[in-house]
Amino acid sequence: MAINITINGKQIEAQAGQTVLQAAQQNGIEIPTLCYHKDLSPSGNCRMCVVEVKGLRFLQAACVAPIYEGMEIQTRNDKVVADRKMTLEMMLANHPQDCITCEVSGECELQDLAYEYKAQAPYWGSKGTRYPVNSDPNPFIRVDMNRCILCRRCVSACAEIQVRNVWGVAHRGFDEQIVAGAGINMLEARCESCGQCVAYCPTGALSNKMNYGAARAHQVKRVTTTCSYCGVGCNFDLLVKKDKVIGVASNANASVNGLALCVKGRYGYDYIHHPERLTAPKVRRYLVDGTVKPKGHHDVTTGQPNPWDWVESDWDTALSFVAKKLKNTRDTFGPDTIGVLTSAKCTNEENYVMNKLARQVIGTNNIDHCARL
Ligand code: FES
């Protein structure tokens, strides 16, 4: 059902059930937010999105205020701007003044809004020195609750997207704090290190440990790619600095997964430049030497090279060994003595080609898949 409202003096037709924020965004009117995120249930607790509604005594949080017929809204008058600035200053009062060394400087939503509203940290407050820095032993996620603004996006992301309910809110008033479980560490609280909380954190309270201090946001090139771990096909951005992958960041525009990733997709990238990574095929030494397949174990007392050693080769050589052995086996023992296993880490096209190879070239229906993802 269409509803007529007015935002900043402009007549707008919105839909019943929408919030002020949704109606404004749909009409290209910007309202700042911190605790709100489109993927999560609105909680209405940061008060950055306040707007003035004609006839109502107090400013309303646009992310949770429903529209009604004839509603008249001001999104950026002096009263609204002053209120937002005061809200930011209260956050800054209990926030470390260390943007210069903060990991997320340049991509911090609090920093951007403080800059926009010219908000300064007041003389009072804790100045963000209340909690231990890097306080959780999780190997991937760095926790610094001094930088937390209690927006609760981490709580919602963990509960609504990953459904792990690791994060919660403890205490009230000045002592209010985001905690894992009942004040235990993240892994004990059933965290599976997906990093969703990091992706949704608007400040540096939750950041990535593996590449902490590796680069500023403006120093990395983001290369959108598809995860190589399973067949779901999540998209994310590789963070590349000087031709080296230093991290992964989820990409809100990823059509399959949005900001969500699993622990492997988000943190399993260290194989890329790992010194032990295989970059060329290897074949057994006895094949390279042209000798017959040795029986039993190698006798180390002979001092001769082990015929079972893997020797680095090139693709043409390795594949010709494979082709010869497959042909010999098929011709000698029949095609059904051969089985083919494909992989969820291959593309659909690669798996299709393996199917053709098994059924039409080798002549067997023995083909299966390593994981039913
Ligand atoms: Fe609306 Fe936080 S964004 S209250």
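This is a predicted model, so every value here is computed, not measured.

Enquirer: Help me out: how do you make sense of the environment of Ala170 in this one?
Expert: Turning to its location among the elements, Ala170 is positioned in strand β7 (residues 167-170). C-alpha separation for the pair Ala170 and Gly183, spaced 13 residues apart in sequence, amounts to 8.0 Å. Every residue in contact with Ala170, bar those within four places of it in the chain, is listed here: Asp175, Glu176, Gln177 and Val179.

Enquirer: How should I be thinking about the packing of aromatic side chains in this particular structure?
Expert: Describing an aromatic ring pair means giving the distance of the ring centres and the angle of the ring planes. Tallying each qualifying case throughout the model produces 3 aromatic pairs. Considering the side-chain rings of Tyr229 and Tyr271, the 6.1 Å spacing of their centres and the 80° angle between planes classify their relative orientation as edge-to-face. In this pair, Tyr229 is assigned in the loop between β10 (221-226) and β11 (235-241) and Tyr271 in the loop between α6 (263-267) and β13 (282-284), connecting sequence segments 42 residues apart. Residue Tyr271 is classed as partly exposed on the basis of its relative accessible area of 33%. Residues Tyr286 and Trp308 carry aromatic rings whose centres are separated by 5.5 Å and whose planes lie at 70° to one another, so their mutual orientation is edge-to-face. Separated by 22 residues along the polypeptide, Tyr286 in helix α7 (residues 285-289) and Trp308 in the loop between α7 and β14 (310-312) bring together distant segments of the chain. Judged by relative accessible area, Tyr286 falls into the buried class, the value being 6%. Over the aromatic face of Phe174 sits the side chain of Arg130, whose NZ or CZ is 4.1 Å from the ring centroid. The positively charged end of Arg284 is found above the aromatic ring belonging to Trp310, 3.9 Å away from the centroid.

Enquirer: Could you clarify how one ought to interpret the side chain of Glu176 in this entry?
Expert: Examined against the element boundaries, Glu176 turns out to sit in the loop between β7 and β8 (177-180). Polar side-chain contacts of Glu176 include one of 2.8 Å to the side chain of Arg152. With sequence-adjacent residues up to four places away left out, Glu176 is seen in contact with Tyr131, Leu150, Arg152, Val169, Ala170 and His171.

Enquirer: I tried to follow helix α2 (residues 78-93) on my own but got confused; where do I start?
Expert: Relative to the 22 Å expected for 16 residues at 1.5 Å per residue, α2 spans 22 Å between its end C-alpha atoms, a close match to the ideal helical length. Every buried residue belonging to α2 is among Val80, Arg84, Thr87, Leu88, Met91, Leu92 and Ala93, and all of these are buried. Tucked into the core, α2 has its buried residues touching β3 (50-53), β5 (72-74) and α3 (109-117).

Enquirer: Please explain unusual backbone geometry as it appears in this structure.
Expert: Most peptide bonds are trans, and most residues other than glycine sit at a negative phi. The phi torsion at His171 lies on the positive side, around 65°, for a residue other than glycine. Within the secondary structure layout, His171 lies in the loop between β7 and β8. Positive phi is not limited to glycine here, since Arg190 has a value of about 80°. As for its position among the elements, Arg190 is in the loop between β8 and α5 (196-200).

Enquirer: Any chance you could explain the nonpolar core here in plain terms?
Expert: As a rule of thumb, nonpolar side chains are buried together in soluble globular proteins. Ranked by size, the top nonpolar core spans 22 residues in total, and within it Ile5, Val20, Ile31, Ile67 and Ile73 carry the most contacts. Contributing elements (two or more residues each) for this core: β1 (2-7), β2 (10-15), α1 (20-26) and β3. For this core, the leading source of residues is α1, giving 4 residues. Residues within four places of Ile67 in sequence aside, it is in contact with Ile3, Ile5, Ala14, Gln15, Gln18, Thr19, Val20 and Ala23.

Enquirer: I tried to follow helix α9 (residues 348-362) on my own but got confused; where do I start?
Expert: For an α-helix, 3.6 residues make a turn, and residues three or four places apart therefore share a direction. The terminal C-alpha atoms of α9 lie 20 Å apart, and with 15 residues this matches the ideal 21 Å at 1.5 Å per residue to within 8%. Where α9 is concerned, the buried positions are Asn351, Asn355, Ala358 and Ile362. The secondary structure elements touched by the buried residues of α9 are α8 (315-333), β15 (340-342) and β16 (367-369). A positive phi of about 95° marks Gly363, the residue just after α9.

Enquirer: When you look at the environment of Lys209 in this model, what are you seeing that I'm missing?
Expert: Relative to the assigned elements, Lys209 resides in the loop between β9 (206-208) and β10. Classification of Lys209 by relative accessible area gives partly exposed; the value is 22%. Each C-alpha atom, one on Lys209 and one on Ser105, is 16 Å from the other, the two residues being 104 residues apart in sequence. With sequence-adjacent residues up to four places away left out, Lys209 is seen in contact with Asn134, Asp136, Pro137, Asn138, Pro139, Phe140, Ile141 and Arg142.

Enquirer: Would you explain the sheet that holds β2 in this entry?
Expert: Hydrogen bonds along the backbone pair up the strands of a sheet, which may run parallel or antiparallel. With mixed pairing, the 5 strands of this open sheet are ordered in space as β2-β1-β5-β3-β4. Strands at the two margins of the open sheet, each flanked by one partner only, are β2 and β4 (60-61). With 6 bridges joining them, β1 and β2 adopt antiparallel strand pairing. Residue Asn4 lies in a different strand from β2, and its bridge partner there is Glu13. Along the sheet, α2 makes contact with β3 and β5, crossing β3 at roughly 150°.

Enquirer: I'm lost on the packing of α2 against α3 in this one. Help?
Expert: For the pair α2 and α3, interaxial distance at closest approach is 10 Å and the crossing angle is 135°. It follows from the interaxial angle that α2 and α3 lie oblique. α2 and α3 meet at a crossing whose hand is left-handed. Between α2, through Val81, Arg84, Lys85, Leu88, Met91 and Leu92, and α3, the contact on the second element is made entirely by Leu110, Leu113, Ala114 and Tyr117. Considered class by class, the residues forming the contact of α2 with α3 number 8 nonpolar, no polar and 2 charged.

Scoring rules and cut-offs
Residues numbered from 1 in each chain as written. Predicted model: local features only at pLDDT ≥ 70, side-chain atom pairs only at ≥ 80, totals over all residues. Heavy atoms only, no water. Helix = DSSP H or I, 4+ residues; strand = E, 2+ residues; numbered from the N terminus. Contact = heavy atoms within 4.5 Å. Phe/Tyr/Trp six-rings, centres within 6.5 Å; stacked < 30°, edge-to-face > 60°. Buried < 20%, exposed > 50% of the residue type's maximum accessible area, 1.4 Å probe, protein only. Lys NZ or Arg CZ within 6 Å of the ring centre and 35° of its normal. Polar contact = N/O pair within 3.5 Å; in protein donor to acceptor, adjacent residues only side chain to side chain. Expected span 1.5 Å × (residues − 1). Core = buried A, V, L, I, M, F, W, Y, C linked by side-chain atoms within 4.5 Å. Pairing = 2+ DSSP bridges. Axes fitted to C-alpha atoms, helices over the stretch in contact; angles between N-to-C directions. Parallel < 35°, antiparallel > 145°, perpendicular 65-115°, else oblique. Left-handed = near helix turned anticlockwise from the far one by under 90°. Nonpolar A, V, L, I, M, F, W, Y, C, P; charged D, E, K, R; others polar.

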